[in-house]
Amino acid sequence: MSDGGFGRGGPKPLAAARTSNLFNRGNLEDLVLGEIGEGGENAEPASAAHAGTSQRITPYLSKHAPRPASATKPHTPATAGKFAERQNSGAVVASLNAQLEVPAAAAGDGEAMEVDGGASRCTVQVLGRPMRPTDKFMADRLEDKVAYLEARIVAAEEAAAAALGCEAHPVAAAAQQPSLFVGRIVCDAEGGKLNPQSLLLEGSVRSSGGARVRLDVSRLPSFRLFPGQVVALRGTNPSGFCVVASHLLPGLAAPPAATPLPDLARYAAATGRAGTSLVAAAGPFTSSEDLEYAPLAALLEYCSRQARPPDVLLLLGPFVDAEHPGVKGGLVEEAFEDLYISRVLGQIERFTAATGGATRVLLVPSTRDVLALPVVPQPPLVGAAAGVTSTPAGCLPLANPSTLALNEVVLGATSADWLMACTREETAKAAAGEERLPALAAHLPAQRSYLPLFPPPLDCPVDCARGATALAMPATPDLLVLPSDLAPFAKLCPVLTPGHGGAAAPADGAAAGEPGAAVAAQASSSFVCVNPGRLTKGTSGGTFAHVHILPLPEAVAVAGGAPAPTNAPVPHQLERRCRVDIKRI
C-alpha cells in the first residue's frame, strides 16, 4: 500500500486477550512507541529501531508528532481498491431544467477569473459578515445565548410590523380579537420531541417579558414547525395562557436579489452565451478503506476534461474526516495538517496550474474536519489554528456558512446537514401536493439564518456569541447548496414572504386593515436548492453537482447593442435559466 494508507503493512488488529485501555501504562507505551503484535501479552516489546514508526498513534498525539520530510510533497493517488471498480461513472441521477441546452464553449474560451473586480469571466464577492481566521470564538456566555435568541425574535417583530403594518401583541396578554403574535417555537419538555401537543410560543423579552404560552395549531390547514423557529401568526389568546392560531407565517424572507439590466448585460458579455459553470461537491473526499483521495482526483479530472473548465469549484468538507476509520482509530502515520496539505491542497494546486487559473476553487470547512473546531460558525480553514499557513493560487478558503455573489447570482453554502437535522426535529401537517425536501430548504431564507434550529444538533453546536452575524443570511440566495446524507436532489423552493390583500382572507371576524388581518405565507418567487450528496459513500463513489447558469435573454440582447428597456433592478429569475445535473463520480 502507498503512503496514503494506514501503514506499511496495513493495520494490525489488537489481540483479543488484551483490552485497549489508555490508562494502562503498558498499553499506552505500546500504542505510542511501538507496534502491537498478534501475540498479546507474550509479544516482544518494541525495539528502539521501530520507535517513531508506530502504526497506532492517537489522533491527539499525531497532531504534535514530528512531521516527516516527505509529508508535504505532492501526492499521486493510487487507483486500486473498490472505488476504482465503481459502476456508472458520470451517470445523471437527478436533474433540474434538463430541457435547457447549454451552448458549447470552445476550449480556452474566457479569461482567468479574478476576485472582487477586474474584467473577468466570473467575479466572486463575499457577502455579509462571515467568520475570519483571526476571530476569537467558542467563549460565549449564558448572556450571549439569551441575546442571540432575543435578537432573532426582535428582528422578526420589526420585520412583521414593517410588512404587515401592525405591532405584535404580547404573547401572554389576553386578546379576544384576532391579533398578531411573534415568537419562538419551543418544546414544553426539555430535550423532548416536538409534536402538536407540546408546542409553546416564547415571546421576546422586549414585548412579552420572555413569557411562554401554549400554542394551539389545530385550526391550521397545514404547518411545518421546529424548535427555535421564529414565526408570526394571527390568532387569539382568550385566557392569556394559550394562543389559538388561525393563520401562520413560517418566516419573513428578505426580498429576492435584483440587479440593474446594464450590469446583467456586462456579466452576459463576460461569460458569453454559455454563462457561468459551477461544480459543487461535499466530503468525504476519500474512501473509508484508505487515505489516497482518489475520489477527489476523479472530480478534478472531470473538471479538467470539460471543453471549458468550470468557473467555480465549490468543495465542502470534511476534508480530513474525523469519522474516517483510519483517523478515528489512530492508524495514521502523518500529521493531519500534512494530510490536508499534500492530499487536498496538493491536488488542487496541480489542477489550477493545469487549467491556467480558469477555475476558482472555494473551500468550506465542516464540523467533522479534524483541523477545524467542531462548532458553527467556523472560520476559514487557514491560519495558525488550522495549521495551514497558505493555500495555492486560485484557491479561496471560506467560512462555514458563507454567502457569495458570483457575478449577479447570490450563492449560499453551508456544510452543516440542515436537511437531516430538520427532518429529525420537525413536526408537520403537510399541505396537499407539498414536497418535503423543498419545504425543509425553504425554512432557511424564511428564518434568515443558516442554522435556526435551537437547541442545535449535538453534532453541530452553535457559538451564539458569533451566531447573530456569522449565521445570518444577508440576502435570499438564488442558489443554495445544502449537502446532506439524504438523497441528492436539485429542486425549486418557495421564498415565503408576508401575504397582502388576497393572499389570505381575514377570518375570525377580522376586517381588512385590522391587526393581523393579512398574515399568511405567500410564495412570491423561488430559489434553486441543490444537495450534491457525498462524493464518497464508504468504499464506493458518490455524487456531485454540475450547475450551468445561463444569462438572461434580456441581458444578452442589451449586451448585443439593444437599448435597455429599464435601468431599474431586475429579478435574477434563476429558476428559468439554471440547469443542474447530479452525477455519479
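Along each chain, residue indices are assigned from 1 in the same order as the chain's sequence is written. Predicted model: local features are reported for residues with pLDDT of at least 70 only, side-chain atom pairs are reported and counted for 80 or more only, and whole-chain, interface and lining totals are derived from all residues. Side-chain measures were taken over the full set of non-hydrogen atoms in the model, leaving aside hydrogen atoms and water.

- Where an unreviewed UniProt entry is consulted, the chain appears under the name DNA polymerase alpha subunit B, with the organism given as Micractinium conductrix.
- UniProt positions are given in the numbering used here, feature names are shortened, and annotations may be inferred rather than shown by experiment. What the UniProt record of the chain gives under Function (unreviewed entry) is the line "Accessory subunit of the DNA polymerase alpha complex (also known as the alpha DNA polymerase-primase complex) which plays an essential role in the initiation of DNA synthesis."

1. Notes on the packing of aromatic side chains
Next up, step 1: Only rings of Phe, Tyr and Trp enter the pairing, Trp through its six-membered ring, and a pair is recorded when the two centres are within 6.5 Å. The plane angle decides the type: under 30 degrees is stacked, over 60 is edge-to-face, the rest tilted. Counted according to the given criterion, the structure contains four aromatic pairs.
Next up, step 2: By the ring-pair criterion, three or more aromatic residues cluster together here, those being F285, F319 and Y340.
Next up, step 3: Positioned above the aromatic ring of F83, the side-chain terminus of R86 is 4.1 Å from the ring centre.
Next up, step 4: Positioned over the ring face of Y267 is R266, at 4.8 Å from the centre of the ring. Any Lys NZ or Arg CZ that is within 6 Å of a ring centre and within 35 degrees of that ring's normal is treated as a charge sitting over the ring.

2. Here we look at the pairing of strand β8 (residues 242–249)
Next up, step 1: Note on exposure labels: buried denotes an accessible area under 20% of the residue type's maximum, exposed denotes more than 50%, and partly exposed covers the range between, all computed with a 1.4 Å probe on protein chains only. Put simply, DSSP H or I for four residues or longer makes a helix, DSSP E for two residues or longer makes a strand, and each gets a number counted from the N terminus. In terms of burial, β8 is largely enclosed, as seven of its eight residues are buried.
Next up, step 2: Sheet analysis places strand β7 (residues 230–237) next to β8, joined by five bridges and oriented antiparallel. Within the sheet, the bridge partner assigned to R234 lies in β8 and is H247.
Next up, step 3: From the end of β7 to the start of β8, which pair antiparallel, there are four residues, and G240 there has a positive phi angle of about 90 degrees. By definition, two strands form a pair when at least two bridges between them are found by DSSP.

3. What about the sheet that holds β7?
What links the strands of a sheet is backbone hydrogen bonding, and the strands pair in either a parallel or an antiparallel sense.
Next up, step 1: Taking strand neighbours around the barrel as the criterion, the five strands line up as β3-β4-β5-β8-β7 in a closed arrangement whose pairing is mixed. Neighbouring strand axes in the sheet, compared pairwise and without regard to direction, differ in orientation by 55 degrees on average.
Next up, step 2: Across three bridges, the pairing between strand β5 (residues 212–216) and β8 is parallel. In the strand pairing of β8, R214 is matched with C242.
Next up, step 3: Contact definition: two residues touch when any of their heavy atoms are within 4.5 Å. Think of each axis as a best-fit line through the C-alpha atoms, taken over the contacting stretch in the case of a helix, with angles from 0 to 180 degrees between the N-to-C directions. Contacts from helix α3 (residues 142–164) reach β3 (175–187), β4 (199–202) and β7 within the one sheet, and its direction differs from that of β3 by about 145 degrees.

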